[in-house]
Amino acid sequence: MRIGIVCYPTLGGSGIVATELGIALAERGHEVHLISYKKPVKFNDSKSGLHYHEVEISTYPLFDYSPYEVVLASKLVDVVKSENLDLLHVHYAIPHASAAFLAKTILEAEGIKIPYITTLHGTDITLVGRDNAFRSVITFCINASDVVTAVSDSLKKDTLATFDITNEIEVVHNFICPSNYGTGNVGEINRSDYANDDERIITHISNFRKVKRIPDVIKVFTGIAKEIPAKLILVGDGPEMESIKKLADESEFADRIVFTGVVKDPERIHSISDLFVLPSESESFGLAALEAMISRVPVIGTNLGGMPEVVGSGKSGFLCELGDIDDMIAKALEILKSDDTLNVFKDEAHEKALTFDIINILPKYEALYEKALAGRK
Ligand code: GMT
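Residues numbered from 1 in each chain as written. Predicted model: local features only at pLDDT ≥ 70, side-chain atom pairs only at ≥ 80, totals over all residues. Heavy atoms only, no water.

(A) Structural detail: the site of the ligand. Around the ligand there are 18 residues in total, and His-121, Asn-174, Arg-209, Glu-283 and Ser-284 lie nearest to it. Within the backbone of Gly-286, a nitrogen or oxygen atom sits 2.9 Å from an oxygen atom of the ligand. At a separation of 2.9 Å, an oxygen atom of the ligand approaches a polar backbone atom of Leu-287. Residues belonging to the shell around the ligand are distributed by class as follows: four nonpolar, 11 polar and three charged. When residues are assigned to domains, the shell around the ligand turns out to be shared by domain 1 (2-175 + 358-374) and domain 2 (179-354), each giving three or more. (Near = heavy atom within 4 Å. Polar contact = N/O pair within 3.5 Å; in protein donor to acceptor, adjacent residues only side chain to side chain. Nonpolar A, V, L, I, M, F, W, Y, C, P; charged D, E, K, R; others polar. Domains from an automatic or database assignment.)

Structure follows, in structure tokens:
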């Protein structure tokens, strides 16, 4: 198949999933064309069958805000025609689904039929999607999609509860490529640069937005550090960075908190970690948790959204109620109390992560592409 994939290029989960999917589809012999405003962070230039098309954003003095959706739709029309694409797969509804709908309508007027598949990722429904300013367009474009997928059962439920959905939503969970982990290909990292032998390493990786509740990470770490020797590594960057740095500076364990900034290959950090903390107030799936688990790192997270589908509770880690810091500290200490217990959790985390192997997930997308092609609306 000749597939166009639209995504955000950043390190956010939807961009990672879209790019990894593109790479895997190219490996299966499909011709894949990734379309975004910047080359996605995980794009692989040397992969045969994988191509990149950049959406150029025009700026004119008249525009306070450049109309990205319009230039994206125009680009989609051009790429569908020049590359003879069979279908479009857009990741994150806003504004990718509406741009795809516009492109499809334009192409239809020219006698070209192209289906589009929309994958809902999370905040496009649970956060941005709840904003009334987007509601009518998102609802329409989800319903007009030839196929709609959600990355968890929980997100499907949220979508049905938030919008007037008349279309079917198929759940296709996010995935992991186990072969990318534990290969040593991501470069060396010395545990001793971050912690002493007797210290546990706690990590958190995110885009530092409010929804991730990083102050809770610092509180949980403080509780752990009061009981056992430990270090906290905070990976990523985003709007909350300044306030988090201030909180860390004021902490009684300030000298045990390290900020790395954005790290392109989080597996380097996971390879030296003992525990991953993700106390988000909303998490449709929790790809960051899955990435930790495949690297044998157990998770302390919140019992909401798609997290129970990914982490489960009591084996690969523990899920606690939102904001229940005392419980998170107690559960973290339970995992970290001895090397034997920690190793049991590490093994379980890895086992559970393997159930999300891309080998099991990719055929589901291929089948949905076939379905979209068979029933071109
Ligand atoms: O919230 C993020 O970290 C970014 C966002 C995105 O779309 O890039 O993540 C959402 O999609 C990920 C991939 O499907 C999911 O793993 C995340 O759980 C989801 N984030 C939220 O629901 C807050």
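Once the structure has been displayed, the description carries forward.
(B) Molecular detail of the pairing of strand β13 (residues 317-320). Of the two faces of β13, the one lined by Gly-317 and Leu-319 and the one lined by Phe-318 and Cys-320 are each fully buried. Here strand β12 (residues 299-302) pairs with β13 via four bridges, running parallel. Looking at β13, one finds that Thr-302 is bridged to Cys-320. (Buried < 20%, exposed > 50% of the residue type's maximum accessible area, 1.4 Å probe, protein only. Helix = DSSP H or I, 4+ residues; strand = E, 2+ residues; numbered from the N terminus. Pairing = 2+ DSSP bridges.)

(C) Up close: the packing of helix α10 (residues 287-294) against helix α13 (residues 339-354). Viewed as axis vectors pointing N to C, α10 and α13 meet at an angle of 120°, and their least axial separation amounts to 7 Å. As the angle between them shows, α10 and α13 are arranged oblique. Seen from above, α10 lies across α13 with left-handed handedness. Residues Leu-290, Met-293 and Ile-294 of α10 touch α13, and the partners they reach there are Ala-349, His-350, Lys-352, Ala-353 and Leu-354. Classifying every residue of the contact of α10 with α13 gives six nonpolar, one polar and one charged. (Axes fitted to C-alpha atoms, helices over the stretch in contact; angles between N-to-C directions. Parallel < 35°, antiparallel > 145°, perpendicular 65-115°, else oblique. Left-handed = near helix turned anticlockwise from the far one by under 90°. Contact = heavy atoms within 4.5 Å.)

(D) How the structure looks around a nonpolar patch on the surface. On the surface, Tyr-60, Leu-62 and Phe-63 cluster together to form a nonpolar patch covering roughly 360 Å² of accessible area. Taking relative accessible area as the criterion, Tyr-60 reaches 51% and is therefore assigned exposed. (Patch = residues over 30% accessible without salt bridge, like charges linked within 9 Å, V, L, I, M, F, W, Y side chains within 5 Å. Areas by Shrake-Rupley, 256 points an atom, 1.4 Å probe, with all protein chains shown as cover. Salt bridge = Lys/Arg side-chain N within 4 Å of Asp/Glu carboxyl O.)

(E) Representation of the pattern of salt bridges within the structure. Under the criterion given, the structure shown has 20 salt bridges. Arg-28 is paired through a salt bridge with Glu-366; the nearest N and O atoms lie 2.3 Å apart. Taken as a pair, Arg-28 in the loop between α1 (13-27) and β2 (31-36) and Glu-366 in helix α14 (residues 358-374) lie far apart in primary sequence, 338 residues in all. Judged by relative accessible area, Glu-366 falls into the buried class, the value being 13%. A salt bridge links Lys-81 to Glu-110; its shortest N-O distance comes to 2.7 Å. Taken together, the positions of Lys-81 in helix α2 (residues 68-82) and Glu-110 in the loop between α3 (93-109) and β5 (116-120) put the pair 29 residues apart, joining distant regions of the chain. The exposure class of Lys-81 is partly exposed, given its relative accessible area of 41%. Each of Arg-213, Asp-216, Lys-219 and Glu-281 takes part in salt bridges that share partners, so that together they form one network.

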